[in-house]
Structure formats: structure tokens, C-alpha cells
Amino acid sequence: MSDRCTVVILPGDGIGPEVTAEAVAVLALLSDRFGLDLVFDEQRFGGAAIDGDGEPLPPATLAACRAADAILLGAVGGPEWDGAKERPEQGLLKLRTELGLFANLRPARIIPGLEIFSPLRPEIATGADVLVVRELTGGIYFGEKTLGDDAASDLCSYSRAEVERIAHVAFRAAQKRRGKLTSVDKANVLATSKLWRRTVEDVARGYPDVALDHLYVDAAAMALVTHPTRFDVILTENMFGDILSDEMSVIAGSIGLMASASTGSGGPALFEPIHGSAPDIAGRDIANPAGTMASAALLLDHLGHGAAATLLDRAIEAALVEGCRTGDLGGTTGCAAFGARVCAIIDEQISATYRREKVQISA
Ligand code: NAD
Ligand code: IPM
Ligand code: MN
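Okay, so let's go over this structure.

The rules behind these values
Residues numbered from 1 in each chain as written. Chains lettered and ligands numbered in written order. Predicted model: local features only at pLDDT ≥ 70, side-chain atom pairs only at ≥ 80, totals over all residues. Heavy atoms only, no water. Near = heavy atom within 4 Å. Polar contact = N/O pair within 3.5 Å; in protein donor to acceptor, adjacent residues only side chain to side chain. Areas by Shrake-Rupley, 256 points an atom, 1.4 Å probe, with all protein chains shown as cover. Helix = DSSP H or I, 4+ residues; strand = E, 2+ residues; numbered from the N terminus. Expected span 1.5 Å × (residues − 1). Buried < 20%, exposed > 50% of the residue type's maximum accessible area, 1.4 Å probe, protein only. Core = buried A, V, L, I, M, F, W, Y, C linked by side-chain atoms within 4.5 Å. Contact = heavy atoms within 4.5 Å. Salt bridge = Lys/Arg side-chain N within 4 Å of Asp/Glu carboxyl O. Phe/Tyr/Trp six-rings, centres within 6.5 Å; stacked < 30°, edge-to-face > 60°. Axes fitted to C-alpha atoms, helices over the stretch in contact; angles between N-to-C directions. Parallel < 35°, antiparallel > 145°, perpendicular 65-115°, else oblique. Left-handed = near helix turned anticlockwise from the far one by under 90°. Nonpolar A, V, L, I, M, F, W, Y, C, P; charged D, E, K, R; others polar.

Below, the discussion takes up the site of ligand 2. Every residue close to ligand 2 is listed here: Glu89, Leu93, Arg96, Arg106, Arg134, Tyr141, Asp242 and Ile274. Contact between ligand 2 and Arg106: an oxygen atom at 2.9 Å from a side-chain N or O atom of the residue. Tyr141 is positioned such that a nitrogen or oxygen atom in its side chain is 2.5 Å from an oxygen atom of ligand 2. Here ligand 2 loses 78% of its free accessible area of 320 Å² to cover by the protein chains. No other element matches the three residues that helix H4 (residues 88-98) contributes to the shell around ligand 2.

Let's shift gears to helix H10 (residues 290-302). Over its 13 residues, H10 runs 18 Å from end to end, which matches the ideal 18 Å to within 8%, given 1.5 Å per residue. Burial analysis of H10 places ten of its 13 residues in the buried class, which makes it a mostly covered element. Turning to H10, its buried residues number three or more, namely Ala290, Gly291, Thr292, Met293, Ala294, Ser295, Ala296, Ala297, Leu299 and Leu300. Gly304 sits one or two residues past H10 and shows a positive phi near 95°.

Take the nonpolar core next. Here is a general trend for soluble globular proteins: nonpolar side chains tend to be buried in one another's company. Formed by 45 residues in total, the largest nonpolar core has its most connected members in Leu312 and Val342. Elements that contribute at least two residues to this core include exactly strand E1 (5-12), helix H1 (16-34), strand E3 (70-75), strand E12 (269-271), H10, helix H11 (306-321) and helix H12 (335-362). Element by element, the count of residues in this core is highest for H11, at eight residues. In contact with Val342, other than residues within four places in its own chain, are Val26, Met293, Leu312, Ala315, Ile316 and Ala319.

A few words on the pattern of salt bridges. Tallied over the entire structure, the rule returns 24 salt bridges. In this structure, Arg109 and Glu317 form a salt bridge, with 2.5 Å as the shortest nitrogen-oxygen distance. Pair noted here: Arg109 is in strand E4 (residues 103-109) and Glu317 is in helix H11, with a separation of 208 residues, a long-range link. Note on Arg109: relative accessible area 34%, which makes it partly exposed. For the salt bridge of Glu164 with Arg160, the shortest nitrogen-to-oxygen distance reads 3.7 Å. Taken as a pair, Glu164 and Arg160 lie in helix H6 (residues 160-176) at a separation of four residues, close to a single helical turn. Judged by relative accessible area, Glu164 falls into the partly exposed class, the value being 29%.

Let us now look at the packing of aromatic side chains. How two aromatic rings sit relative to each other is given by the distance of their centres and the angle of their planes. Per the counting criterion, the structure on display carries three aromatic pairs. Geometrically, the ring pair formed by Tyr158 and Trp196 is edge-to-face, given 5.5 Å between the ring centres and 65° between the ring planes. Taken together, the residues Tyr158 in the loop between strand E7 (152-154) and H6 and Trp196 in helix H7 (residues 191-204) connect sequence positions 38 residues apart. Ring centres of Phe171 and Tyr207 lie 4.9 Å apart, and the angle between their planes is 10°; on these two criteria the pair is classed as stacked. Of this pair, Phe171 sits in helix H6 while Tyr207 sits in the loop between H7 and strand E9 (211-216), and the two are 36 residues apart along the sequence. Comparing Phe171 with Tyr207, the two get one shared label, buried.

In this section: the packing of helix H8 (residues 217-226) against helix H9 (residues 238-252). The contact between H8 and H9 brings their axes to 9 Å, and the two run at 15°. When the axes of H8 and H9 are compared, the pair comes out roughly parallel. For the crossing formed where H8 meets H9, the hand is right-handed. Across the interface between the two elements, Val217, Ala220, Ala221, Leu224 and Val225 of H8 pack against Phe240, Leu244, Glu247, Met248, Val250 and Ile251 of H9. Class assignment of the residues belonging to the contact of H8 with H9 gives a composition of ten nonpolar, no polar and one charged.

The following block contains the structure:
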């Protein structure tokens, strides 16, 4: 048994509520089977909160997030709020800064046996296993902005301290993986990238066991799809990380498979798929919930429930391998049916383990 953990659920907009429902269902199942004592607290966020409360991140939602052990988010945004004074996406950016979530980890790999999902040729894609470490609370997203009729500007700035703390996250991640770190910048043009590169070089001196190299972002965009296996951990700034991680989703085959974890200085962490609210497919039970369910696995691992997290990851992979696939992967399985199959596989696995243990005890 473990202590009670509160997980705030932010379904958001578009396909957000559909994919989140499947992740919550599997978390509830695992909580029951493993005695994890997870409790869920659903809150309004994004466009849904603009409609209900007049702002995308209402004070009650932020307060609940601050008090939570972890947060699971679907997605926000949609054309209905394009003209809003404050867009749903602003709520997400505010939530990340308010909680100090400066480190966004986005893993992508080819699941063995599922090379067929990738549009890349098997000899290029096989074995690809990349972790993007994206700086999440600085850079051009958060600099001063001006918007006039004839001119506009977005300031991109980074401090040495901001680069150092995200670099440490990336180096430590590389130590636990294959010991290789590629820092991606545009140091041939941008001042922020020059500081980025210098700072990463300095931090690297504390990690002699990690092999560091640097790529310009344009070359990195190419190498990700021509030589994805050359990468282990990619460290990059906010906007480059946003763009490269969507590109990286083609390695695995669909953005609907991609999970992420956002952490910071020790408060509640946030888990969300990397995709958006997909208004083009919302409300039709055809979205792929795998990325949100895999984000729930990252959440479980973060809360110290590694065995439940591994079981969930394996069940998602097993469902995909047996042919249970949503439309983005060329299948016909619905969003809810995919979630239900993952739950059924988990229970099959648990009862198989139980039977094995019983045989061992009676033998
Ligand atoms: P998107 O990720 O929502 O969709 C891009 C494409 O991928 C679409 O064709 C969509 O159908 C498909 N797709 C995405 N997720 C899928 C899934 N789970 N299963 C199957 N197919 C999936 O990106 P977009 O269209 O550029 O943005 C739509 C809205 O979402 C915008 O308002 C954008 O700002 C917002 N957005 C939010 C987040 C977030 O909440 N974290 C992330 C990205 C975009
Ligand atoms: C993401 C999204 C967000 C981002 C948007 C919706 C603000 O694209 O989480 O990848 O750019 O960070
Ligand atoms: Mn994005």
C-alpha cells in the first residue's frame, strides 16, 4: 500500500476529453489492482474554461494543480477560441510557468515489431530511440511581444541559469540512457544560441561520461529523419524542441503515440501527449489515446509506481502489436475500444502472473 496521491485531470478541448478518459480509466484500474490509492480531481482548463469561467486557467484550476501530486492533461485549443481575448494555449503556457515546469521530456522510439508504422524505410528507422529534452519556460515563447498593424516582434532571451538547469536534466538523462547528448541550437546566427552552446559546454565538464556534440537546428531537422539512430538525447530550447518533437513523431509513426513529462524544481509534474486538440477528428471516437495513456505511465513512474508503469507500457505495445490500432495507424479500432483493450490486457497479465505465483507456491 502507498499513500494517497491526488491526480488533477485537465481534459481540455477537442479530442482532449476523449483521450484523457481512456488514460484515467487505465490509471483507475491500475490503482485498484496495485493498491495505489490514486484519487482524481477533474478541473476545467483551456477553451472549456474560457466558456465556463471566462479564462483558460481559472484560479480554482491553478490552485488544484498546485495542491496535486501530479497533473494529467489532454490538449487545449480549437478554432472556436481563435478570436478569444486570451487563447486556450495561453492557459497552458501560464500553467507551465506558474508551476516552474522548465523541463519537458519527450521520448520517441520504434516499438520492436511495429517498424511498419514509420514512413521511414526500415533500414533507417529500425532501432531509433530518442529523448528530446525541451526547455519549456523560456525563450521566444515568453519574451516581450509587440503587435502593430505593420510590424510585430517577439523577443527571444535566455539566461545562463536557465540553460544550465535544463542542461543538467539532459546530461543526467543521457547518463541513464546510452551516454550521448546532442545539443541543438542556431549558434551560427542567434545570440541566445551562442550563450546556449557555451553554457552547455561548461556544464558538460561535470559529465565526462557523456559524449556531447552540437548540431544546428536545420541540420538536426534533416538528420532526425535521415539518421534517427545517431541520436540518444537531444537537448534544445523551447521553440526548436516544439518543432523537432512533432517531426520526431514520424519516426514512431504517429503523433498520437507520443507522450511527455514536464518537471521542474520538485513541485507537481505535468503529463500530456505532445499532440494538440485535433479539431479535425474531435468527437468521433477515432483519436489515438496511446500517447495520453503512455503519459499516464510516465506519471505512474514519477510517483514511484514503476511496476504499474511498465505493465501499462507493455500493454499499450501489446495492443498495438496484436493489431488494435486507431485510424492514424491505418486501423479501425475506436479510441474507447483501444483503451478498453489495454485494460483487458493488463488484467490478463495480472491474472497470468497470479497463476504463475500460485503454481510456484504450491510446488
Ligand atoms: P494537432 O496535434 O492537434 O493535430 C495535427 C494532426 O495530427 C491532425 O491531423 C490531427 O488529426 C492529428 N492528430 C493529433 N493527435 C492525434 C491523435 N491522438 N490521434 C490521431 N490523430 C491525431 O495540431 P494542430 O492541428 O496544429 O492544432 C490543433 C489545436 O491544438 C490548436 O489550437 C493548437 O494550438 C492546439 N495544440 C495544443 C497542444 C496542447 O494542448 N499541448 C499541442 C499542440 C497543439
Ligand atoms: C505543445 C504545444 C504548445 C507548445 C502550444 C499549444 C502552446 O504545441 O505542447 O507542443 O508550443 O508548447
Ligand atoms: Mn507542439
